[in-house]
Amino acid sequence: MIDIPSDKSISHRSIMFGAIAQGKTTIKNFLRGDDCLSTLKAFQDLGVNIEDDGETITVHGTGFSGLTQAKQAIDVGNSGTTIRLIMGILAGTNFTTELFGDHSIAKRPMNRVMMPINQMGAECTGHDGTEFPPLTVKGTENLKPINYQMPVASAQVKSAILFAALQAHGESVIVEKEKTRDHTEDMIRQFGGNIAVSGKEIRIEGPQKLVGQEVTVPGDISSAAFFLTAGLIIPDSRIVLNNVGLNPTRTGIIDVIQQMGGKLMIEETMSDVNKAGTLIVETSELNGIEISGEIIPRLIDELPIIALLATQAKGTTIIRDAEELKVKETNRIDAVANELNKMGANIEPTDDGLIIHGKTKLHGAKVTSYGDHRIGMMLQIAALLVKEGTVELEKAEAISVSYPRFFDDLTKLYR
């Protein structure tokens, strides 16, 4: 039995919403991973009083208008969520902010956020005229609403535009390419805001004022995915995972496991905002399937571990429509194929996904996470299958970005 780490997406947003709301927000079960701590520190840099007693985080919100100019450039570390979402918040300020991150962030494209934010009247520019960090965001208190057809299915881009739209004067309309995780929409409502969602169309009137709330963060299904996979593919396993978030926009991996024939039981618990439950998995005979289309945004972060799952399924699994994997912490299409093939898998990378031929026996190899936490955890789960040779994982420290106690939980289960 494992208590899964808190949801990374909701932890990020709980700090952001607490900061831009009026009054006090208390956050329980916050994920104290490197990425979320980057968000916390960023808002402290912007003048928000945030207290952490080890159990509860208290954010003394300033409202949008109470944010103050940082004394120096803000370091987002490895966090794409931090840099992209904060751009939308900074768009409505009356000051200029510089944002930078690590070597991985410096390679991640930002035009997808810069373009709509600039259309609304802010001035976002990248390094030497490119779309890459470090970035400069010059805000304006006269943000214009936007009518925007999203060219990519990205919850980060959508959320940045929503944060800007909350400050704009008039109604903004956002049309998604595919439905993506909707934590931002849920939290706008939770913090007293108004937003209308109809299918892929979102309408939001600005400017709005938000009010501080109590937030309890559920477990992260993206972190649970690694142990769901372990329980399905390691012989004679049964794993119980507690308090896993079950937001329907995030549960694509559950659909995939069920389609592949995996033994998975769900005991749901309900809350007003964050649906959660206990997940129980057992070793299973799995079959290859095709994964494509509208399900992709619901499992985009889980695709590396799903690829490992597919190496242990009978037949071929095809993943399509997953171009977004190329612009994550690393190019996850190439990373998955390169590293698992070193271990004996039979995977073909494609322009928009992977073709995985199973079932394959894995062996020891020297592999790398490329500094990507999800690649690192996937490879460590793969190592549990190895009977010949040893697996040496380089850059394992990247795992602390989202799951600081991963190795402790893995050791507990493996015993």
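Owing to the predicted nature of the structure, the values given are computational and were not obtained by experimental measurement. (Residues numbered from 1 in each chain as written. Predicted model: local features only at pLDDT ≥ 70, side-chain atom pairs only at ≥ 80, totals over all residues. Heavy atoms only, no water.)

Draft legend 1. View of helix α4 (residues 111-119). Every buried residue belonging to α4 is among R112, V113, M114, P116 and I117, and all of these are buried. Where the residues of α4 are buried, they touch α3 (80-90), β7 (123-125), β8 (135-138), β9 (147-149) and α5 (155-165). G121 sits one or two residues past α4 and shows a positive phi near 115 degrees. (Buried < 20%, exposed > 50% of the residue type's maximum accessible area, 1.4 Å probe, protein only. Helix = DSSP H or I, 4+ residues; strand = E, 2+ residues; numbered from the N terminus. Contact = heavy atoms within 4.5 Å.)

Draft legend 2. Just α3, in detail. Counting buried positions along α3 yields 11 of 11 residues, so the element is predominantly enclosed. Three or more residues of α3 are buried, namely G80, T81, T82, I83, R84, L85, I86, M87, G88, I89 and L90.

Draft legend 3. View of unusual backbone geometry. For the bond from P133 to P134, the omega torsion is 5 degrees, close enough to zero to count as cis. Checked against the element boundaries, P134 lands in the loop between β7 and β8. Along the chain, G206 connects to P207 via a cis peptide bond; the corresponding omega equals -5 degrees. Tracing the sequence through the fold places P207 in the loop between β12 (201-206) and β13 (214-216). Positive phi is not limited to glycine here, since N243 has a value of about 50 degrees. Along the chain, the position of N243 falls in strand β14 (residues 238-245). Here the phi dihedral of K395 falls at roughly 60 degrees; this positive angle occurs in a residue that is not glycine. Tracing the chain through its elements places K395 in the loop between β22 (391-394) and α12 (406-414).

Draft legend 4. Molecular detail of the packing of helix α7 (residues 221-233) against helix α8 (residues 252-259). At their nearest, the axes of α7 and α8 sit 10 Å apart, and the two run at 15 degrees to each other. Taken together, the axis directions place α7 and α8 in an arrangement best described as roughly parallel. Where α7 crosses over α8, the two elements pack in a sense that is right-handed. Each of I221, A225, L228 and L232 in α7 lies in contact with α8, whose residues at this interface are I253, I254 and I257. Residues of the contact of α7 with α8, tallied by class, amount to seven nonpolar, no polar and no charged. (Axes fitted to C-alpha atoms, helices over the stretch in contact; angles between N-to-C directions. Parallel < 35°, antiparallel > 145°, perpendicular 65-115°, else oblique. Left-handed = near helix turned anticlockwise from the far one by under 90°. Nonpolar A, V, L, I, M, F, W, Y, C, P; charged D, E, K, R; others polar.)

Purely geometric numbers; function is a separate question.
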